[in-house]
Amino acid sequence: MSIPREVLYAEIDARIEQTQLAMAQRGYDALIVYGNNKVYGSLRYLTDYFPDRCGWISLSGTETYLFDGAALVIPANGEPVLALDTGMVLGKEVATRRVISGSFGAGKENGLSGKLLASLLGEQGNVKTVGIETWDRFPAPFYIELQKEFPGISIQRSTIVEELRMVKSTLEVEIFRKAAKIDDIEHQTLADSLRNGGVGKNEMELIRQTEYAMRSHDPIYEDAVENSPSLICSGFAVGGGLLHLPQNNKTIQPGDAVHWDICTRYNGYSIDTSRTKVVGKPTPQQQHAYDASLRILDKVLEIAKPGLPAVELVKTAERTASEAGYELMDHFLGHGIGIDPHERPDLVREETLLKENMVLAIEPRVVLNDIYTLGIEEMVLITPDGGESLTQFE
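If you're wondering where the values come from, they're calculated on a predicted model, not measured in any experiment.

As summarised here, the arrangement of the five strands in space is E13-E12-E14-E17-E18, forming an open sheet in which the pairing is antiparallel. Of all strands in the sheet, those bounded by a partner on one side alone are strand E13 (343–346) and strand E18 (386–389). The average undirected angle you get between the axes of adjacent strands in this sheet is 35°. Contacting strand E14 (359–362), strand E17 (378–383) and E18, helix H6 (residues 170–195) runs over the sheet at an angle of about 150° to E17. Contacting E14, E17 and E18, helix H8 (residues 284–303) crosses the sheet at an angle of about 125° to E18.

Pasting the structure below:
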């Protein structure tokens, strides 16, 4: 089911209004929300546009320009402006009413540039303080140009949009519930493949079958690989990692514990879940390790209520793992999930308080003899009664 455009755009208008209210509280005269073709969640959250291209264009016989991003300029009052890198195109309608882009044949100044951002800020009058969202990826040339054009300007790291994105709206929760149902189909596809002649199949075959199931059920299928590929673990490490990219020369053997981590999308929102199956009868060691991960998940879901610091979930998981004789894989439990596959709150060390309608990817995994990864990853909705697993596959 595609979201009706008018419904999504009305929601985005409300998000812009929330953003501008937060800007006023923090003293921002304008906010620049940047995104590229790897990390674009905040940009898409406020526009329904995401950069899906990247590369080089020639500006002269010797000079080139790299394109991969876009920026939304939000004034304290009034309509935002979406500026695309020269070379970027709009693949569909977007919520932003004013869009500036440059063609391949145009100079870089006709699209997103430091000078264009300075010009758009100049339209706002006396701009003293500007927030930058997705600060860690904001291009240095743009920053330098803004400082040059506005010598006295204060350019600050903003977290307004990433904070808004942590709590999902009614529409977003509905999208996640539908995404989870399709995710169940993906897991069933892989499990059926393991049961029906799984021995001898390679990891790439298994993962591609699950991703095909996604393509068959999402009306606007988007490839998730540009920011988080599906992973798998079946027997031994690849490149030093137990959970790794699927290999076409690594076949499933009898007795293997196969742990897969599905990363796909539905209606633009990320799906990120994991399951484990053993080919044949599990050994007592395998069963014990897997049961430990189930107990960790149950304990975490029980306490995952509004008001709890996010890091307390990890502390509880570590204690439960230790009681069973294990450690969490990489001492990691999970993260927020939304348009980007990894969003706030990060569960490793973040003190942010959980809020109702946050959606988290909770992933308790344990390692057995440095060979197998066993565990689960669930998309979990925070409710007043605790964490609700959206994924229903066994």
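There is more to say after this.
Okay, the pattern of salt bridges next. Considering all chains together, one arrives at 26 salt bridges under this definition. Residue aspartate 48 is joined to lysine 92 by a salt bridge in which the shortest nitrogen-to-oxygen separation is 3.1 Å. Of the two residues, aspartate 48 is situated in the loop between helix H2 (41–47) and strand E2 (55–58) and lysine 92 in the loop between strand E5 (81–84) and strand E6 (98–100); the sequence distance between them amounts to 44 residues. Across the salt bridge formed by glutamate 174 and lysine 178, the nearest N and O atoms sit 3.0 Å from each other. One end of the pair, glutamate 174, and the other, lysine 178, are both in helix H6, four residues apart, so they sit about a helical turn from each other.

Our next topic: the packing of aromatic side chains. Summed over the entire model, instances satisfying the criterion amount to five aromatic pairs. Measuring from centroid to centroid gives 5.9 Å for tyrosine 34 and phenylalanine 138, while their planes differ by 90°, and the two rings are edge-to-face. A residue pair is termed long-range when its members are at least 10 positions apart, and tyrosine 34 in strand E1 (residues 30–36) and phenylalanine 138 in the loop between strand E7 (129–133) and helix H4 (140–149) qualify at 104 residues. Side by side, tyrosine 34 and phenylalanine 138 carry an identical accessibility label, which is buried. Here tryptophan 135 and tyrosine 143 contribute two aromatic rings whose centre-to-centre distance is 6.1 Å and whose plane-to-plane angle is 85°, an arrangement assigned as edge-to-face. Through a chain of ring-to-ring contacts, the aromatic side chains of Tyr34, Phe138 and Phe142 assemble into a single cluster. One Lys or Arg, arginine 15, reaches over the ring of tyrosine 45 and ends 4.1 Å from the middle of that ring.

On to the side chain of aspartate 272, then. Tracing the sequence through the fold places aspartate 272 in strand E11 (residues 269–278). The charged side chain of aspartate 272 is buried without a salt bridge, its nearest counter-charge being arginine 365 at 5.7 Å. At 3.3 Å, the side chain of aspartate 272 and the side chain of histidine 335 are in polar contact.

Two elements, E17 and E18, share four bridges in a ladder whose sense is antiparallel. Opposite threonine 383, over in E18, you have glycine 386 as the bridge partner. Between E17 and E18, which pair antiparallel in sequence order, lie two residues.

Counting residues in each nonpolar core, the largest one holds 69 residues, and the members touching the most others are Ile32, Leu117 and Leu121. The element contributing the most residues to this core is H6, with seven residues. Aside from chain neighbours lying at most four places away, what touches leucine 117 is Ile32, Ala71, Val73, Leu112, Phe138, Phe142 and Leu146. Residues Met166, Ile296, Leu301 and Leu368 belong to the second largest nonpolar core, which totals 31 residues.

Conventions and cut-offs
- Residues numbered from 1 in each chain as written.
- Predicted model: local features only at pLDDT ≥ 70, side-chain atom pairs only at ≥ 80, totals over all residues.
- Heavy atoms only, no water.
- Pairing = 2+ DSSP bridges.
- Helix = DSSP H or I, 4+ residues; strand = E, 2+ residues; numbered from the N terminus.
- Axes fitted to C-alpha atoms, helices over the stretch in contact; angles between N-to-C directions.
- Contact = heavy atoms within 4.5 Å.
- Salt bridge = Lys/Arg side-chain N within 4 Å of Asp/Glu carboxyl O.
- Phe/Tyr/Trp six-rings, centres within 6.5 Å; stacked < 30°, edge-to-face > 60°.
- Buried < 20%, exposed > 50% of the residue type's maximum accessible area, 1.4 Å probe, protein only.
- Lys NZ or Arg CZ within 6 Å of the ring centre and 35° of its normal.
- Lys, Arg positive; Asp, Glu negative; His and termini not counted.
- Polar contact = N/O pair within 3.5 Å; in protein donor to acceptor, adjacent residues only side chain to side chain.
- Core = buried A, V, L, I, M, F, W, Y, C linked by side-chain atoms within 4.5 Å.

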